[in-house]
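# Residue-level structure breakdown
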Amino acid sequence: MPTKKKKNLVIVESPHKAKTIEKYLGSNYHVIASKGHIRDLPKSQMGVDIDNDYQPKYISIRGKGETIKELKAAAKKAKYVYLASDPDREGEAIAWHVAHALNLDPKEHNRVAFNEITKDAVKNAFKSPRTIDMDIVDAQQARRVLDRLVGYSLSPILWAKVKKGLSAGRVQSVALKLVIDREKEIKNFKPVEYWTIDGEFNKDKKKFVGTFYGLDGKKTDLPNQASVKDVLTKLDKRKNFEVTKVVKKQRRRQPAAPFTTSTMQQEANKRLGYRTRRTMRIAQSLYEGVNLGKGSVGLITYMRTDSKRIASVAKHEASKFIHEQYGEEYASVKPQNFKNDAEAQDAHEAIRPTSAFRTPESIKDYLTAEEYRLYSLIWARFIASQMTAAVYDTVRADIEQNGVTFRTTGSKMKFAGFTKVYDNEKEKTKELPDLNEGDKIKLKSTDDRQHFTQPPARYTEASLVHALEANGVGRPSTYAPTIDTIQRRYYVKLEGRSIVPTELGEIVDELIEKFFPDIVNVDFTAQLEDDLDHVEVGKMNWVKVVDEYYKPFSKELAKADSEIEKVQIKDEPAGFNCDICGAPMVIKMGRYGKFYACSRFPDCRNTKPIVKKIGVTCPKCKKGEVVEKKSKRNRKFYGCSRYPECDFVSWDQPIGRNCPNDGHFLVQKKTKKGLVVLCPNGDYREESKEE
């Protein structure tokens, strides 16, 4: 009986990706998943030997025993083992940990990495496997060790001095400080009064608006109403204005670069309303592969990157697509080369579709609604990046009478260029009548208005990601978990899309800023990120980087432990008594926000959630009221006030009416145009109405 032929074993991170890659590699390969990390530092202790060059004490992750057993069994039967985890620091570290668990020779050429999960990319990667890159592994180890040293040193202090369940970390502390500093700017902002004067002019029966520019040819501010009156008294309504200067130009707007992780998260938040974690979850799914009827295909390149580089083969394919679909005049003659930011790592390409010809519409039926929307954004941004500039004819005219100058500007699109596919600014054109120097023009009316300067806007998830990136804090893989962590710890909360610090967040930030200034120092944290990048390319030793950061921090720790006084978070009176013991109820601060608790705690442990009634009877039990609640991830949902007797829940707000078609309760959803009422079963929808 012939012996069964041994197969090559390939270990990837996700089971979904394993199926796609096995299909590409064929019958000589068996692909299985490690399901992420299999070894990490222990949760029960620091796990770092500070006195022995910060050596980490790795253990198998609890719950991963069965996975490790499966990996070992598969490796024993295999002809050869390949490690094909993700192409970043975490992926390299996972490959190293798997190699250790399977007793693989670290010098073997068994590491394969690919930026996209397509047949060609996967097969090419297996033609040139390499050894595990220990510089990349060391950069990940340095980050992990530092995060553990900081987190496990600070958290006990916060538990002892503030309350249990809190945490602090390098990047999350900087993110929190950015939010709180912005809130201080808003609170301390002093509005400054200023005025504007708009004039409505008429030429050849065409109306247009000019705005007051200045006096005697010099730009002049209007700080108060008196200055407005001075200007208006100079005008003679009987006299015409004269066009004294006309400047006509042609302006070219270049397309934006294809997405990096940061810009993708920002645009998805602004355009689609997606939170950073949601964006990354959908992008992961598009990267790992979607079944398009004939098997799974990776639709985008790797989604954790800060590079704007595009492979030449992708540029050529995009150029061919643009020529065929839009015409030669829309295709950039020279393929676009976008310059990376100084801190960017160029290990991966920018985020792009794996095929320019795989249009969103052509695969819409195979995608979920959220996959389709994000893929459309990525595809359009990439195609537009390889197209020609949009061209505008612009005009600026100065219109004068008695030394008073009004200025008007206009623009008209001459050539759409890349905006035919994707416009990241959505510029509005404004056409003016034909204006020439010396033209006499009639002023029809003036409109003077008072304004006040506005404080800076609160951060949204999109603008906070931008701020972290602009300050060099964090890397593509850290933005989403950082923002998620400060929300889960209730250091900040979302009001609409705005991120607002909580009282607890302000207490934690003040304490860290006072006793651990380096932790929240943006420049210090950014320098550390640069040092980790230097470790990754073999220019610095990881132990030295950790040592230079930890030594001053350890001195601050000793001082803080003795000097920080216990912080008392005062309980607010709730205004009603405990229904168990009759003592007054108070509002307490919990890990996931505020809640009602008995003032006699711990003798009486009665607690109640703080709920907001919406004035609708529960559609399930008809007895309770529907109340607004928050999930542990701070997501709003609606449930019955009689829970757990009644288990009614809904992510969308019930409105107290039933569907005329099937009797199901109707809900209200937010859309870009306002609010829409619909049936969750999908067979009824009322027209949108304004919020």
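Thresholds applied
- Residues numbered from 1 in each chain as written.
- Predicted model: local features only at pLDDT ≥ 70, side-chain atom pairs only at ≥ 80, totals over all residues.
- Heavy atoms only, no water.
- Buried < 20%, exposed > 50% of the residue type's maximum accessible area, 1.4 Å probe, protein only.
- Helix = DSSP H or I, 4+ residues; strand = E, 2+ residues; numbered from the N terminus.
- Pairing = 2+ DSSP bridges.
- Polar contact = N/O pair within 3.5 Å; in protein donor to acceptor, adjacent residues only side chain to side chain.
- Phe/Tyr/Trp six-rings, centres within 6.5 Å; stacked < 30°, edge-to-face > 60°.
- Lys NZ or Arg CZ within 6 Å of the ring centre and 35° of its normal.
- Axes fitted to C-alpha atoms, helices over the stretch in contact; angles between N-to-C directions.
- Expected span 1.5 Å × (residues − 1).
- Bend = angle between axes of the 7 residues up to and from the residue.
- Contact = heavy atoms within 4.5 Å.
- pLDDT = per-residue confidence, 0-100.

This part is about the pairing of strand E17 (residues 492–495). Each regular strand displays side chains that alternate between the two surfaces of the sheet. Covered by surrounding structure in E17 are Val492 and Leu494 only, the residues Lys493 and Glu495 on the alternate face being uncovered. Where E17 meets strand E18 (residues 498–501), 4 bridges bridge the pair, whose relative direction is antiparallel. The residue of E18 that forms the bridge with Val492 is Pro501. Here E17 hands over to E18 after 2 residues, with Gly496 in that stretch at a positive phi of 65°.

Here we take up the side chain of Thr118. Relative to the helices and strands, Thr118 is located in the loop between helix H3 (89–101) and helix H4 (119–127). In terms of polar contacts, Thr118 uses its side chain to reach the side chain of Glu116, at 3.1 Å.

A few words now on the packing of aromatic side chains. As enumerated under the stated definition, the model contains 23 aromatic pairs in all. Ring centres of Tyr58 and Trp96 lie 6.0 Å apart, and the angle between their planes is 80°; on these two criteria the pair is classed as edge-to-face. With Tyr58 in the loop between strand E5 (55–56) and strand E6 (59–60) and Trp96 in helix H3, this pair connects stretches of sequence that are 38 residues apart. An aromatic cluster of three or more residues is present, and its members are Phe321, Tyr326, Tyr330, Phe357, Trp379 and Phe415. A cation sits over an aromatic face here: Arg271 above Tyr422, 4.4 Å from the ring centre.

One open sheet accounts for 4 strands, arranged E23-E24-E25-E26; its pairing is antiparallel. The sheet is open, and its two edges are formed by strand E23 (612–617) and strand E26 (649–650), each paired on a single side. Bridging between strand E25 (residues 636–640) and E26 involves 2 bridges; their strand directions are antiparallel. Within the sheet, the bridge partner assigned to Gly639 lies in E26 and is Val649.

Whether parallel or antiparallel, the strands of a sheet pair through hydrogen bonds between backbone atoms. A sheet is described by the order of its strands in space; here 3 strands give the open sequence E2-E1-E7, paired in parallel fashion. Pairing within the sheet leaves two strands with one partner each, and these edge strands are strand E2 (29–33) and strand E7 (81–83). Strand-to-strand twist in this sheet, taken as the mean axis angle between neighbours without regard to direction, amounts to 25°. Direction of pairing for strand E1 (residues 8–12) relative to E7: parallel, over a ladder of 3 bridges. Its bridge partner lying in E7, Leu9 is registered against Val81.

If you check helix H16 (residues 542–563), its first and last C-alpha atoms are 32 Å apart, about what 22 residues at 1.5 Å a residue would give, namely 32 Å. Of all the bends found along H16, the most pronounced is centred on Tyr550 and spans about 30°, while Pro552, a proline, follows it within four residues. Packing partners of the buried residues in H16 comprise E5, helix H5 (134–161), helix H6 (170–188), helix H14 (503–515) and helix H15 (522–536). For H16, the N-terminal cap is Asn541; the gap from its side-chain oxygen to the backbone nitrogen of Val543 is 2.9 Å.

Of all residues in the chain, 95% attain a pLDDT of 70 or more, and the chain-wide mean is 90. In the model of the chain, strand E29 (residues 674–678) stands out as the element of lowest mean pLDDT, 78, in contrast to E7, which has the highest, 97.

Once that is clear, we can look at the pairing of E25. E25 sits mainly inside the fold: 4 of its 5 residues count as buried. Looking at chain direction, strand E24 (residues 625–630) and E25 are connected through 5 bridges and run antiparallel. Within E25, the residue paired with Val627 across the bridge is Gly639.

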